Amino acid sequence: KADNLIMLRPIHLIPENTKINFLKYKSIFLLGSLAMVIISLLASFIIGLNFGIDFRGGVLLELRSINGNANISELRKNLEDFNLGEVSIQEFGQPSDALVRIQKQEGDEKSQDAKLNEVKNILSNSYEIRRTEFVGPTVGDELKKNGFWAVIVALVGILLYIWFRFEWQFAVSAILALFHDVIATIGLFAFTGLEFNLSTVAAVLTIAGYSVNDTVVVFDRVRENLRKTKSSDQLSIINKSLNETLSRTITTSVTTLLALLAIYFVGGEVISDFTLAMIWGVMIGTYSSIFVASAFLTFFNLRRTREEEAEDLNYFNNE
């Protein structure tokens with residue numbers, strides 16, 4: 001029976017016991033990351049972000065076709081005659097449903113209502129108007145401000161957690177890597193012109209959480225190796241820690257990307273921008289965990305705390 005057993009060996013995306021010198025070219029990676037941050041900031045100010053109705057104000061209409069599937073091209077052609085400015089039309093849920101976003105129109109509230117009623121009269125011949133939402137400019141500005149502060153509060157909270165969990169050197173390195181990820185993601189939206197809305201803010205916060213999760217795993221191994229190997233220099237310890245956590249980092253990223261790619265290609269246009277931001281965030285977060293956060297860590301003098309030394313002394317005494 002033993003001869004008939006098939007031995008299954010696990011598949012490793014990354015070979016075991018790698019000895020890659022990640023920090024050999026740390027200056028090149030840091031300069032490249034700095035250039036990415038500067039270009040992203042310049043693009044955000046010069047090109048600007050394509051703020052969605054959530055931030056700029058406007059009208060959202062949820063439609064359901066009376067006669068079969070929604071015809072997006074026909075809808076777009078009908079609305080072009082009204083000179084509404086920016087209009088976004090996409091499939092929503094079922095093939096018969098469509099989501100129409102119309103930017104805030106010029107004039108007072110009566111002019112807005114008159115324009116909207118004209119649009120509804122035309123659409124009501126072929127579509128059932130299931131939902132109408134208004135977002136005023138004041139609410140849009142408030143949402144924009146709240147979204148900004150949500151990102152700042154999240155980053156500060158992560159900074160304090162890493163500081164409490166490790167030491168201030170780890171906290172500074174992690175938060176610099178997180179700023180790199182967030183600004184690079186904002187730069188992506190500036191260059192591509194994708195709509196930047198509340199869903200995008202949620203994607204940025206999710207990216208920050210994902211990135212710091214990878215970084216914490218690496219930092220935890222760095223701290224563990226600092227306690228174990230007293231004779232090795234700091235660069236060797238960080239390199240060793242990166243190699244030991246590399247398989248976990250890559251495997252986690254690949255499995256996450258597989259799920260996100262499936263959502264992006266078959267999930268529809270409603271969440272495509274959010275998913276694209278997440279795909280970019282997973283890739284840039286993995287990169288920053290390996291090449292950015294750890295590179296910043298090399299500029300600090302990492303030492304074991306007195307508490308850790310006392311724990312080690314008690315451990316060896318008990319042995």
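Computed from a predicted structure; not experimentally measured.

Participant: Honestly, the overall build of the protein in this entry has me stumped. Any pointers?
Facilitator: Looking only at helices and strands, the protein features 10 helices and 6 strands. Looking at the protein as a whole, 40% of its 319 residues qualify as buried. Pairs at least 24 residues apart make up 78% of the contacts formed inside the protein by residues separated by at least 6 positions.

Participant: Please explain a nonpolar patch on the surface as it appears in this structure.
Facilitator: Residues Leu31, Leu34, Ile38, Ile39, Leu41, Leu42, Phe45, Ile46, Ile47 and Phe191 make up a contiguous nonpolar surface patch of about 1,100 Å² in total accessible area. For the nonpolar patch, the element with the highest residue contribution is helix α1 (residues 26–46), accounting for 8 residues. In this structure, Ile47 sits in the loop between α1 and β1 (50–51).

Participant: For this particular structure, what's the right way to read the environment of Val218?
Facilitator: Tracing the chain through its elements places Val218 in helix α7 (residues 198–228). What makes Val218 buried here is its relative accessible area of 1%. Along the backbone, Val218 and Arg248 are 30 residues apart, and their C-alpha atoms lie at a distance of 9.9 Å. Setting aside chain neighbours within four positions, we find Val218 in contact with Ser241, Leu242, Thr245, Ser289 and Ser294.

Participant: Please clarify how the packing of aromatic side chains should be interpreted in this entry.
Facilitator: To describe a pair of aromatic rings, one takes the distance between the centres and the angle between the planes. Taken as a whole and assessed by the stated rule, the structure comprises 8 aromatic pairs. By way of ring pairs, the aromatic residues Phe22, Phe29, Tyr287 and Phe291 are connected into one cluster. Stacked on the ring of Phe299, the Lys or Arg Lys26 has its end atom at 4.7 Å from the ring centre.

Participant: Teacher, can you tell me more about helix α8 (residues 234–266) here?
Facilitator: Since one α-helical turn is 3.6 residues long, residues separated by three or four positions face the same way. Relative to the 48 Å expected for 33 residues at 1.5 Å per residue, α8 spans 46 Å between its end C-alpha atoms, a close match to the ideal helical length. By the largest-angle criterion, Thr245 marks the main kink of α8, which is about 45°. When α8 is considered as a whole, its buried residues turn out to be Ile237, Ile238, Asn239, Ser241, Leu242, Asn243, Thr245, Leu246, Thr249, Ser253, Leu257 and Leu260. As for α8, its buried residues are in contact with α7 and α9 (272–297).

Participant: Teacher, can you tell me more about the pairing of strand β4 (residues 94–103) here?
Facilitator: Successive side chains on a regular strand alternate, one facing one side of the sheet and the next facing the other. The element β4 is largely enclosed, with a buried count of 7 among its 10 residues. With 7 bridges connecting them, strand β2 (residues 58–65) and β4 associate as antiparallel partners. When the sheet's bridge partners are listed, Leu63 is paired in β4 with Ala98. Taken together, the 6 bridges between strand β3 (residues 87–92) and β4 define a ladder with antiparallel strand orientation. Counterpart to Phe92 in the pairing with β4 is Gln94.

Participant: Please clarify how the layout of surface pockets should be interpreted in this entry.
Facilitator: Over the atoms, a rolled probe matching the size of one water molecule traces out where space is still vacant. Each pocket or cavity is described by its volume, and for the largest pocket that value is around 510 Å³. Leu49, Phe148, Val151, Ile186 and Phe196 are, among the 19 residues lining the largest pocket, the residues nearest its centre. Listing elements by their share of the lining of the largest pocket, those giving two or more residues are α1, α5 (137–165), α6 (168–192) and α7. It is α5 that contributes the most residues to the lining of the largest pocket, 6 residues altogether. For the lining of the largest pocket, the residue count by class is 16 nonpolar, 2 polar and 1 charged.

Participant: I tried to follow the pattern of salt bridges on my own but got confused; where do I start?
Facilitator: A side chain with one charge may pair with a side chain of the opposite charge, provided their charged atoms come close. Counting across every chain of the model gives 7 salt bridges. Among the salt bridges present, the one from Arg221 reaches Glu224, with a minimum N-O distance of 3.8 Å. Of this pair, Arg221 and Glu224 both sit in helix α7, 3 residues apart, which is roughly one turn of the helix. We classify Arg221 as partly exposed; its relative accessible area is 27%. If you follow the salt bridges from partner to partner, you end up with Glu62, Arg130 and Arg131 in one network.

Participant: Would you mind going over the side chain of Asp214 with me for this structure?
Facilitator: Among the structural elements, Asp214 can be located in helix α7. Of the residues examined, Asp214 reaches a relative accessible area of 1% and is grouped as buried. In this structure, Asp214 is in contact with Arg248, Thr249, Ser253, Thr286 and Ser289, ignoring residues within four places of it in sequence.

Thresholds applied
Residues numbered from 1 in each chain as written. Predicted model: local features only at pLDDT ≥ 70, side-chain atom pairs only at ≥ 80, totals over all residues. Heavy atoms only, no water. Helix = DSSP H or I, 4+ residues; strand = E, 2+ residues; numbered from the N terminus. Buried < 20%, exposed > 50% of the residue type's maximum accessible area, 1.4 Å probe, protein only. Contact = heavy atoms within 4.5 Å. Patch = residues over 30% accessible without salt bridge, like charges linked within 9 Å, V, L, I, M, F, W, Y side chains within 5 Å. Areas by Shrake-Rupley, 256 points an atom, 1.4 Å probe, with all protein chains shown as cover. Salt bridge = Lys/Arg side-chain N within 4 Å of Asp/Glu carboxyl O. Phe/Tyr/Trp six-rings, centres within 6.5 Å; stacked < 30°, edge-to-face > 60°. Lys NZ or Arg CZ within 6 Å of the ring centre and 35° of its normal. Expected span 1.5 Å × (residues − 1). Bend = angle between axes of the 7 residues up to and from the residue. Pairing = 2+ DSSP bridges. 1 Å grid on protein atoms, 1.4 Å probe; cavity = no way out; pocket = protein on both sides within 12 Å on 5 of 7 lines; lining within 4 Å. Points joined across faces, edges and corners; volume = space filled by probe spheres on them. Nonpolar A, V, L, I, M, F, W, Y, C, P; charged D, E, K, R; others polar.

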